[in-house]
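This is what each chain is made of:
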Amino acid sequence: MSDPRPTSAFHTANADPAATDRLTAALDVQAANPGVRRLRAWAHERLAARPGERALDVGCGTGSETRVLADAVAPDGGATGVEPHPGLRAVAERRAAEAGSPARFLDGDALALPLPDAGVDVVWCERVLQHLDDPARAVAEIARVLRPGGRVALLDTDWATFVLHPADPEIRPALSTTVRAAAATPDAGRRLTGWLAGAGLSVDELGSDVLLHDPRTVSRPIVQGIAAAARAKDLITEEQRDRLLAGLDEAAGRGAFHLSVTMFAAVAHRPR
């Protein structure tokens, strides 16, 4: 087992219990996005969880992919989701019960997984590493719990690929800075293979897709949050904020609003 020292892995703002409803809504919106659905399907197909296997979902959020894994390993296998946020864990437990899923959920940190060495066949870890201060240690923990021959799928965002249009050229750097500051490791997507190799895992396949928003509708909570944060940091003026929001509304009316970010995936295995 790795040492069980207390950690502060999860970006503090996202660990606030009062944020449960906001986080749940955001995760549900993202789960419905076609780009997310395509990349998840790609990764699940290559991870190929099989009946009788033991599956782990690290940072499982609402538990949607834990339930997918539970279905794949049924009837004799088991799927466990590890989630440090008590509110999200409660949502995951409730939704699994409502769906009649055998998925189970544990309190735990990605930097010190509450599982023995080499006891898991497949691991799923989606959009977690970007929120960690020490992602390499988390991937090393994944390698520790994987049995020889076990497989892992990492999916994460690279926030340097964030695009919001239309936005005046003079404020685009401020918006990019604001977006990147929301994650502890904003360039996680490009670093997946390096972390896997550093943990002694062999990368098998790579994939990517774009989380692209509807051009006819301003993604208001996201856009307003970014604009408010940029203004709070004094990176943009009130006039620039108001002009940005008005311009996005006008663009959406013409079907010309654009909001996107690229997600990457890597599937690997632990050598025998």
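Structural data are supplied above this passage.
Residues numbered from 1 in each chain as written. Predicted model: local features only at pLDDT ≥ 70, side-chain atom pairs only at ≥ 80, totals over all residues. Heavy atoms only, no water.

## Comments concerning the overall build of the protein chain
Just so we agree on the cut-off: The helix and strand labels rest on DSSP assignments: H or I over at least four residues marks a helix, E over at least two residues marks a strand, and numbering proceeds from the N terminus. The globule rule used here is 2.2 Å times the number of residues to the 0.38 power, and the radius of gyration it is set against is calculated over C-alpha atoms. Between buried and exposed lies partly exposed: a residue is buried under 20% and exposed over 50% of the maximum accessible area for its type, with that area taken using a 1.4 Å probe on protein chains only. Whether two residues are in contact is decided by their heavy atoms: any pair within 4.5 Å suffices. In short, Shrake-Rupley with a 1.4 Å probe defines the accessible areas, and a residue's cover is counted only from the protein chains shown.
Scanning the protein chain for helices and strands turns up nine helices and seven strands. A compact globule built from 272 residues would reach a C-alpha radius of gyration of about 19 Å, and the protein chain, at 19 Å, matches this within 12%. C-alpha extents for the protein chain along the principal axes are approximately 60 × 35 × 35 Å. Counting the 272 residues in the protein chain, one finds 47% classified as buried. Restricting to contacts in the protein chain with at least 6 residues of sequence separation, those with at least 24 account for 82%. As presented, the protein chain carries roughly 12300 Å² of accessible surface, and 54% of it is formed by carbon and sulfur atoms.

## Observations regarding the environment of leucine 155
Here leucine 155 shows up in strand S5 (residues 146-165). By relative accessible area, leucine 155 is classed as buried at 1%. Leucine 155 has contacts with Leu39, Arg40, Ala43, Trp124, Cys125, Glu126, Arg127, Phe264 and Ala265, leaving out every residue within four places of it along the chain.

## Focus: the pairing of strand S4 (residues 120-126)
Basically, it comes down to this: Only when DSSP finds a minimum of two bridges between them are two strands counted as paired. If you view a crossover with the strands going away from you and the path from the first strand over the helix to the second runs clockwise, you call it right-handed.
Within S4, seven of the seven residues are buried, leaving the element largely enclosed by the surrounding structure. Pairing of strand S1 (residues 54-58) with S4, which is carried by four bridges, proceeds in the parallel orientation. Bridge assignment links aspartate 57 to a residue of S4, and that residue is tryptophan 124. For S4 and S5, the ladder comprises six bridges, and the chain directions are parallel. Across the sheet, the residue bridging to valine 122 is arginine 151, located in S5. The parallel pair S4 and S5 is bridged by helix H5 (residues 135-145), and the resulting crossover is right-handed.

## Focus: helix H2 (residues 34-47)
We apply this condition: Multiplying 1.5 Å by the residue count of a helix minus one yields the expected span of that helix. For the purposes of these results, a polar contact is taken to be a pair of N or O atoms within 3.5 Å, where, inside protein, one atom must be able to donate a hydrogen and its partner to accept one; residues adjacent in sequence count only when each atom of the pair is a side-chain atom.
Look at H2: 20 Å from first C-alpha to last across 14 residues, which is about the 20 Å you get at 1.5 Å a residue. Where H2 is buried, its residues touch helix H1 (20-32), helix H3 (64-73), S4, S5, strand S6 (202-212) and strand S7 (258-269). The residue sitting at the N-terminus of H2 and contributing the capping side-chain oxygen is asparagine 33; that oxygen lies 2.9 Å from the backbone nitrogen of glycine 35. Alanine 48 lies just past H2 and shows a positive phi near 55°.

## Focus: the sheet that holds S7
Using the following cut-off: What counts as an axis is a line fitted to C-alpha atoms, over the stretch in contact for a helix, and the angles between N-to-C directions run from 0 to 180 degrees.
Taking strand neighbours across the sheet as the criterion, the seven strands line up as S3-S2-S1-S4-S5-S7-S6 in an open arrangement whose pairing is mixed. Each edge of the open sheet is held by one strand with a lone partner, namely strand S3 (104-106) and S6. The average undirected angle you get between the axes of adjacent strands in this sheet is 20°. With three bridges joining them, strand S2 (residues 78-82) and S3 adopt parallel strand pairing.

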